Amino acid sequence: MPRPIQATIHPCALRHNLARLRSIARDAHVWAVVKANAYGHGLENVFEGLRGADGFALLDLSEASRIRALGWRGPILLLEGVFEPRDLELCSRLHLWHVVHCDEQIDMLALHKTHEPHRVFLKMNSGMNRLGFTPQRFRSAWTRLNALPQVDEISLVTHFGNADGPLGIAEQMARFDEATRDLPGERNVSNSAATLRYALDTAAKSDWIRPGIALYGSSPDFPEHGCVDWDLQAAMSLNAKIIAVQDVPIGGSVGYGALFVAEQPTRVGVVSCGYADGYPRICPTGTPVLVDGVRTRTLGRVSMDMLAVDLSEMPEAGMGSTATLWGKASNGALLSIDEVAQAAGTVGYELMCGLSVRVPVGVSQDLQPA
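Presented here is an overview of the structure given in this document.

Rules and cut-offs
- Residues numbered from 1 in each chain as written.
- Predicted model: local features only at pLDDT ≥ 70, side-chain atom pairs only at ≥ 80, totals over all residues.
- Heavy atoms only, no water.
- 1 Å grid on protein atoms, 1.4 Å probe; cavity = no way out; pocket = protein on both sides within 12 Å on 5 of 7 lines; lining within 4 Å.
- Points joined across faces, edges and corners; volume = space filled by probe spheres on them.
- Helix = DSSP H or I, 4+ residues; strand = E, 2+ residues; numbered from the N terminus.
- Nonpolar A, V, L, I, M, F, W, Y, C, P; charged D, E, K, R; others polar.
- Phe/Tyr/Trp six-rings, centres within 6.5 Å; stacked < 30°, edge-to-face > 60°.
- Buried < 20%, exposed > 50% of the residue type's maximum accessible area, 1.4 Å probe, protein only.
- Arc of directions from axis to C-beta.
- Contact = heavy atoms within 4.5 Å.

## Thoughts on empty space enclosed by the protein
And then number 1: Across all of its chains, the model carries 3 cavities of 30 Å³ or more by this definition.
And then number 2: Put simply, the parts of the chain that give the lining of the largest cavity at least two residues each are β17 (322-328) and β18 (334-335).
And then number 3: Of the residues belonging to the lining of the largest cavity, the class tally is 9 nonpolar, 4 polar and no charged.

What follows is the structure in structure tokens.
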């Protein structure tokens, strides 16, 4: 039989999360951000759950082609725009909208031969200092684009760097408002954190929102708020079986480096999941895990293919029991991916995107949200 580990994608959770974000965004259109192979969930696995969105936003032309192959005829946005002139040919063929964030991309458009003008999203660097034109140069970039016959409608976009923390969005929003004053075009400003935390501040300024992590049931501002606080549901569950049980005496250690030493007789379950599956090696003893839906903890260092869990208070658990590393257990119990990520000193995004290709992925047939 195959190795007993599987990730499960929950389309009903995706639909629930999309509806939740749409309700907050009021009249704004919703991009479903599916970059990085839908945050590790798989484009094909999430498509049915997210097809109620108004458009899909991603990075790669190959991913855009896959979305079109699934039958999507609505908008698709390239969040980083094109990388070389020939990319514009595929944009024309697939009817892709794309971000313009630098002079070089405007130069490419100026030389592009097309029968259909492109819909572009002009990006402002309002303070994050990754992509985009500074507020001082934004209008001149808009003027250049507006003069090109290769360009149809110009939308305006920026990205908040601190929507998930105490600095908030006010300073960046003020820069964006000032630099775009009186410019025509739809506005696209709100990511997951801005949508959830600042909906009242951005509702009148956002024609589009572009949630990412929240669609997949992870809180963008954990631990200040968890997924339950935002009424989000886990779209991915990672489960593996216990393949061995060890009774460790007082003074016995577990795993490489003897990082866990038993202070009392300890019953240890060995789970068929390790860092080669995408579970962080850095997770310490005490990282939460569910066994048969009951909360317990990891013990010792995570290995390449295995990790250990504490079964001392779980006499019914043993060989063949199911460990839920994150997501939903069969009894409905939930372990947020954010909790596991926090133990590893990272965020839920990284765990989702880090799921190994060797882990089989299935799609739940649940008819109702959890």
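## Re the packing of aromatic side chains
And then number 1: Taken as a whole and assessed by the stated rule, the structure comprises 11 aromatic pairs.
And then number 2: With a centroid separation of 6.1 Å and 70° between ring planes, the pair formed by Trp31 and Phe121 is classed as edge-to-face. Of this pair, Trp31 sits in strand β2 (residues 29-33) while Phe121 sits in strand β6 (residues 118-124), and the two are 90 residues apart along the sequence. Here Trp31 and Phe121 have matching classes, each one buried.

## Description of helix α5 (residues 87-94)
And then number 1: Of the positions making up α5, those classed as buried are Asp87, Leu88, Leu90, Cys91 and Leu94. Down the axis of α5, the buried side of the element spans an arc of 160°, and every buried residue falls inside it.
And then number 2: Of the surrounding elements, those touching the buried residues of α5 are α4 (61-69), β4 (76-78), β5 (97-100), α6 (103-111) and β6.
And then number 3: Positive backbone phi, at 60°, marks His95, one or two positions downstream of α5.

## Examining the side chain of Thr296
And then number 1: For Thr296, the location among the structural elements is in strand β15 (residues 294-299).
And then number 2: Taking relative accessible area as the criterion, Thr296 reaches 16% and is therefore assigned buried.
And then number 3: Not counting chain neighbours up to four residues away, the residues in contact with Thr296 comprise Thr287, Pro288, Val289, Val291, Asp310 and Met314.

## Quick look at the layout of surface pockets
And then number 1: As a volume, the largest pocket reaches approximately 770 Å³.
And then number 2: Lining the largest pocket are 40 residues, and of these Lys35, Tyr39, His159, Asn191 and Tyr349 sit closest to its centre.
And then number 3: Sorting the residues of the lining of the largest pocket by element identifies α2 (35-39), α9 (192-197), α11 (337-343) and α12 (348-353) as the ones contributing at least two each.
And then number 4: For the lining of the largest pocket, the class distribution of residues is 21 nonpolar, 11 polar and 8 charged.

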